[in-house]
Amino acid sequence: GVRFEAFTEDPGRHRMNVNVWMPLRMVGYIVIYAISAQVFYSSMIKPWQDNFIAGVESSLAVGIAGKLVIGLNFAIQTIVMIDVERWGNFKSFSEVDERTFLWNA
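Residues numbered from 1 in each chain as written. Predicted model: local features only at pLDDT ≥ 70, side-chain atom pairs only at ≥ 80, totals over all residues. Heavy atoms only, no water.

Visitor: I tried to follow the pattern of salt bridges on my own but got confused; where do I start?
Guide: Close approach of charged atoms allows side chains of opposite charge to pair. Applying the stated criterion across every chain yields a total of one salt bridge. R25 serves as the salt-bridge partner of D83, at 2.9 Å between the closest nitrogen and oxygen. Here R25 lies in helix α1 (residues 11–50) and D83 lies in helix α2 (residues 60–87), a separation of 58 residues in the sequence. For R25, a relative accessible area of 25% corresponds to the partly exposed category. (Salt bridge = Lys/Arg side-chain N within 4 Å of Asp/Glu carboxyl O. Helix = DSSP H or I, 4+ residues; strand = E, 2+ residues; numbered from the N terminus. Buried < 20%, exposed > 50% of the residue type's maximum accessible area, 1.4 Å probe, protein only.)

Visitor: Explanation requested: the environment of P23 in the structure shown.
Guide: Mapped onto the elements of the fold, P23 is located in helix α1. For P23, a relative accessible area of 21% translates into the label partly exposed. Taking C-alpha positions, P23 is 8.8 Å from W103, a pair spaced 80 residues apart along the chain. Those residues in contact with P23 that sit more than four places away from it in its chain are N17, V18 and W103. (Contact = heavy atoms within 4.5 Å.)

Visitor: Quick question: what am I supposed to make of the nonpolar core here?
Guide: As a rule of thumb, soluble globular proteins bury nonpolar side chains together. If you look at the biggest cluster of nonpolar residues, it comprises nine residues: V18, M22, M26, Y29, I76, V80, V84, F90 and V96. The element that contributes the greatest number of residues to this core is α1, accounting for four residues. Apart from the residues lying within four places of it in its own chain, the contact partners of I76 are Y29, I32 and Y33. (Core = buried A, V, L, I, M, F, W, Y, C linked by side-chain atoms within 4.5 Å.)

Structural data, given as structure tokens:
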């Protein structure tokens, strides 16, 4: 499908957004995910491993931390999808899907 509203944008502004601002936002999302995953790891899993506590893998805290990281990953991927669709202003839906896939991969 074609996104007709995308044809009204200035081509220079579109290139600047797609080639400069969008990658900066995506790197920001990746940094947010990496920092939060590290915080979950260092506060929930690392203390158990440092003390050699038996049954670390089956601990409730480890399961909760894993679910929080997966939930955060889902949220970041959703934000990336919305960001590409709204701010990318691509001319076709296939290009939106392609860029979303590339940034989420």
